[in-house]
Amino acid sequence: QIRVFVHYQPQFYHFHVHYTRLHNEIGCQVERGHLVSDIIQNLEMDPDYYTKRTVTFRLRETDKLFKRIKKHYLTANAEPC
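Residues numbered from 1 in each chain as written. Predicted model: local features only at pLDDT ≥ 70, side-chain atom pairs only at ≥ 80, totals over all residues. Heavy atoms only, no water.

All right, on to the environment of asparagine 42 then. Mapped onto the secondary structure, asparagine 42 falls in helix H1 (residues 36–45). The exposure class of asparagine 42 is buried, given its relative accessible area of 15%. Ignoring any residue separated from it by four or fewer positions in sequence, one finds asparagine 42 in contact with Tyr49 and Tyr50. (Helix = DSSP H or I, 4+ residues; strand = E, 2+ residues; numbered from the N terminus. Buried < 20%, exposed > 50% of the residue type's maximum accessible area, 1.4 Å probe, protein only. Contact = heavy atoms within 4.5 Å.)

Spelled out as C-alpha cells, the structure:
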C-alpha cells in the first residue's frame, strides 16, 4: 500500500510526485501534500479547477519564499519617515 502525492509549493520548483508507504507520514501533511488521486478527480470534474481555486500551503520562517514575501510586505507597508 502506497500514498502518492505532490507538494505545493514544491521544495524544488518543478512538478514531481512522491511515493511513500501509507505508514510514512513524512511530507504528506495537509498544508503541503496533495494526493494525486484528488488532483486527478478535481481535473476530471473541472479542467479549470486549479485556475479557480486558491491552493493553501505552509511556509516555514526559514524558507526563502517566506523571507521574500516578508521583505516585500515590509517594504510595501513601510511607514513614511
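Now, onward.
Averaged over every residue, the pLDDT of the protein is 81; the share at 70 or more is 80%. Of all helices and strands in the protein, the one with the weakest mean pLDDT is strand S3 (residues 33–35) (83), whereas H1 scores best (94). (pLDDT = per-residue confidence, 0-100.)

In space, the three strands of this open sheet follow the order S2-S1-S3, with antiparallel pairing throughout. Looking at which strands have only one partner, the edges of the open sheet turn out to be strand S2 (18–21) and S3. Put simply, the sheet's adjacent strands are angled 45° from each other on average, direction ignored. Strands in contact with H1 are strand S1 (2–7) and S3; relative to S3, the strand with the most contacts, it is inclined by about 60°. (Pairing = 2+ DSSP bridges. Axes fitted to C-alpha atoms, helices over the stretch in contact; angles between N-to-C directions.)

When the terminal C-alpha atoms of helix H3 (residues 64–76) are compared, their 18 Å separation across 13 residues agrees well with the 18 Å that a helix rising 1.5 Å per residue should span. Counting buried positions over the 13 residues of H3 gives zero, only a small fraction of the element. (Expected span 1.5 Å × (residues − 1).)

Along the chain, threonine 20 falls in strand S2. Aside from chain neighbours lying at most four places away, what touches threonine 20 is Gln1, Ile2, Arg3 and Phe5.

On to the pairing of S1, then. In terms of strand pairing, S1 meets S2 through four bridges, oriented antiparallel. Bridge assignment links arginine 3 to a residue of S2, and that residue is threonine 20. As defined by bridge partners, S1 adjoins S3 across three bridges and the pair is classed as antiparallel. Considered in S3, the bridge of histidine 7 is made with glycine 33.

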